[in-house]
Amino acid sequence: MGKQCIISMLCAILLAGIATPVAPAIDKRPVAVEMWFKKLPHTKEKLTKLHFYFHDVVSGKNSTVVRVADSKATVKSPTVFGAVFVMDDPLTEGPEPDSKIVGRAQGIYSSTSMEEIGFLMTLNFVFTNGKYNGSSLSVLGHNPIFHKYREMPIIGGSGAFRLARGIATAKTYRLNNAGDAIVEYNVMVLHY
């Protein structure tokens, strides 16, 4: 079955309303969002701590990363400066690849440093399981991947994480010779 046929079938299922709604507790209709904002001055801000593992698979047939762009200089650069990647990486409770999936890291990262391997990370942590199912956090920051700890800002969110702000701290748990990485994330986020 071709990709277009599969995509068409998925769209038809979603449009027909057969798919299970995500996070029914968070009403995302414009009227509901407006009411949420009106109640905001009387709402107490919450601090939430999240812990999960990010599985970035760049090799093999089950890769979760695709290189989509580079420049002529990228090939000669020891830091792959100019390379751009798109990812859809699983987020799991534990470091094992078969650990329970709690969400996906979906976005773009690009090599933006000429002196060390460092990526500009533009991604969403999209939660697909548990208490935060249907919610997301947005990250935009610098990730010098060979530093022990990397701190990236949380600049927003959706669902349970509306108006979120905070810090995502990354630490490489495992990196193999092919470049596949398992990264531990500790996230502290303020939200309403």
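By the naming in an unreviewed UniProt entry, the chain is Dirigent protein, taken from Abeliophyllum distichum. Under the heading Subunit (unreviewed entry), UniProt records this for the chain: "Homodimer." UniProt annotates the chain under Sequence similarities (unreviewed entry) with the comment "Belongs to the plant dirigent protein family."

J.: Looking at this structure, I do not really get the side chain of His 55. What am I missing?
T.: With respect to the helices and strands, His 55 occurs in strand S1 (residues 46-56). Among the residues examined, His 55 registers a relative accessible area of 5% and is labelled buried. Beyond its immediate sequence surroundings of up to four residues, His 55 is in contact with Thr 64, Asp 89, Pro 90, Thr 92, Gly 94, Pro 95, Glu 96, Pro 97, Ala 181 and Ile 182.

J.: So what exactly am I meant to see when it comes to the packing of aromatic side chains here?
T.: For the structure shown, the criterion picks out 13 aromatic pairs. Taken together, a centroid distance of 5.2 Å and an interplanar angle of 25 degrees make the contact between Phe 85 and Tyr 109 stacked. In this pair, Phe 85 is assigned in strand S3 (residues 84-92) and Tyr 109 in strand S4 (residues 101-111), connecting sequence segments 24 residues apart. Relative accessible area serves as the criterion here: at 13%, Phe 85 is assigned to the buried category. Tyr 109 gets classed as buried once you look at its relative accessible area, which sits at 5%. Taken together, a centroid distance of 5.2 Å and an interplanar angle of 70 degrees make the contact between Phe 125 and Tyr 185 edge-to-face.

J.: What is the right way to look at the pairing of S4 in this model?
T.: Where a strand is regular, its side chains alternate between the two sheet faces. With nine bridges connecting them, S3 and S4 associate as antiparallel partners. Its bridge partner being in S4, Asp 89 is matched across the sheet by Ala 105. Here S4 runs beside strand S5 (residues 118-127); their pairing, made up of nine bridges, is antiparallel. Directly across from Ile 108, in S5, lies its bridge partner Thr 122. Connecting S4 to the next strand, S5, in antiparallel fashion are six residues.

J.: Is there a simple way to think about the nonpolar core in this case?
T.: In globular proteins that are soluble, nonpolar side chains generally tend to be buried together. In terms of nonpolar packing, the biggest core is built from 31 residues, with Phe 52, Phe 125, Leu 137, Tyr 185 and Val 187 touching the most fellow members. Those elements that provide at least two residues to this core are S1, S3, S4, S5, strand S6 (136-144), strand S7 (150-158), strand S8 (165-175) and strand S9 (181-191). Every residue in contact with Tyr 185, bar those within four places of it in the chain, is listed here: Leu 50, His 51, Phe 52, Phe 54, Met 121, Phe 125, Met 152, Ala 168, Thr 169 and Ala 170.

J.: Help me understand unusual backbone geometry, please; the structure alone is not making it clear to me.
T.: Glycine aside, a negative phi is what most residues show, and trans is what most peptide bonds show. Phi is positive for Val 80, which is not a glycine, with a value near 50 degrees. Turning to its location among the elements, Val 80 is positioned in the loop between strand S2 (65-69) and S3. The partly exposed category is assigned to Val 80, whose relative accessible area is 28%. Located in the positive-phi region is Leu 163, a residue other than glycine, with phi close to 60 degrees.

J.: Please clarify how the pairing of S6 should be interpreted in this entry.
T.: In this sheet, S6 lies alongside S5 in antiparallel orientation, the contact comprising nine bridges. Paired with Gly 118 across the bridge in S6 is Pro 144. Between S6 and S7, which pair antiparallel one after the other, the connecting turn spans five residues.

Definitions and limits used
- Residues numbered from 1 in each chain as written.
- Predicted model: local features only at pLDDT ≥ 70, side-chain atom pairs only at ≥ 80, totals over all residues.
- Heavy atoms only, no water.
- UniProt positions renumbered as here; feature names shortened; annotations may be inferred.
- Helix = DSSP H or I, 4+ residues; strand = E, 2+ residues; numbered from the N terminus.
- Buried < 20%, exposed > 50% of the residue type's maximum accessible area, 1.4 Å probe, protein only.
- Contact = heavy atoms within 4.5 Å.
- Phe/Tyr/Trp six-rings, centres within 6.5 Å; stacked < 30°, edge-to-face > 60°.
- Pairing = 2+ DSSP bridges.
- Core = buried A, V, L, I, M, F, W, Y, C linked by side-chain atoms within 4.5 Å.

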